[in-house]
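# Observations on the model geometry
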Amino acid sequence: MEETKILKPCPFCGGNASISVSDDEGNQRNKEYENDPWSGLSFKIQHGHESNKGCPIANFEEDGGNVGVYLYDSREEAIEAWNTRL
């Protein structure tokens, strides 16, 4: 299931967001990390400035493009938060 098809468009710019994988401390990890999450597993919403220019909530990709500092326990929880704007 492709995340951009489940995540609603940004309410500010209409752009796409995605979900990234991190450990329990918020350190960015690759998708393979999910198979062996030796330091915990969490998820973040990413909405990068480079692909959503002018959006007031988009962050720069070199900083991870993460929206806020929220860590979610599952992809479903992250999707729910983004789609309901919690």
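The text that follows walks through the structure, step by step, so that each part is easy to find. (Residues numbered from 1 in each chain as written. Predicted model: local features only at pLDDT ≥ 70, side-chain atom pairs only at ≥ 80, totals over all residues. Heavy atoms only, no water.)

## Some details on the nonpolar core
Among the nonpolar cores identified, the biggest contains 15 residues, and Leu7, Ala17, Ile19, Ile45, Tyr72, Ala78 and Trp82 are the most heavily contacted of them. If we ignore the near neighbours within four places in the chain, the residues touching leucine 7 are Ala17, Ser18, Ile19, Ile45, Ile79, Trp82 and Asn83. (Core = buried A, V, L, I, M, F, W, Y, C linked by side-chain atoms within 4.5 Å. Buried < 20%, exposed > 50% of the residue type's maximum accessible area, 1.4 Å probe, protein only. Contact = heavy atoms within 4.5 Å.)

## Side note on the side chain of aspartate 23
Following the sequence through the fold, aspartate 23 ends up in the loop between strand S1 (18–22) and strand S2 (28–29). Reaching out from aspartate 23, the side chain makes a polar contact with the side chain of arginine 29 at a distance of 2.8 Å. Ignoring sequence-local partners within four residues, the contact set of aspartate 23 consists of Arg29, Tyr33, Ser39, Gly40, Ser42 and Leu71. (Helix = DSSP H or I, 4+ residues; strand = E, 2+ residues; numbered from the N terminus. Polar contact = N/O pair within 3.5 Å; in protein donor to acceptor, adjacent residues only side chain to side chain.)

## So, the pattern of salt bridges
All chains considered together, the criterion is met by two salt bridges. In this structure, the salt-bridge partner of aspartate 23 is arginine 29, at a minimum N-O distance of 2.8 Å. We classify aspartate 23 as buried; its relative accessible area is 1%. Taking the relative accessible area as the measure of exposure, arginine 29 reaches 26% and is therefore partly exposed. Ionic pairing is found between arginine 75 and glutamate 34, a salt bridge with its closest N-O pair at 2.6 Å. Of this pair, arginine 75 sits in helix H2 (residues 75–84) while glutamate 34 sits in the loop between S2 and strand S3 (42–46), and the two are 41 residues apart along the sequence. Of the residues examined, arginine 75 reaches a relative accessible area of 19% and is grouped as buried. (Salt bridge = Lys/Arg side-chain N within 4 Å of Asp/Glu carboxyl O.)

Any link to function would need more than the numbers given here.
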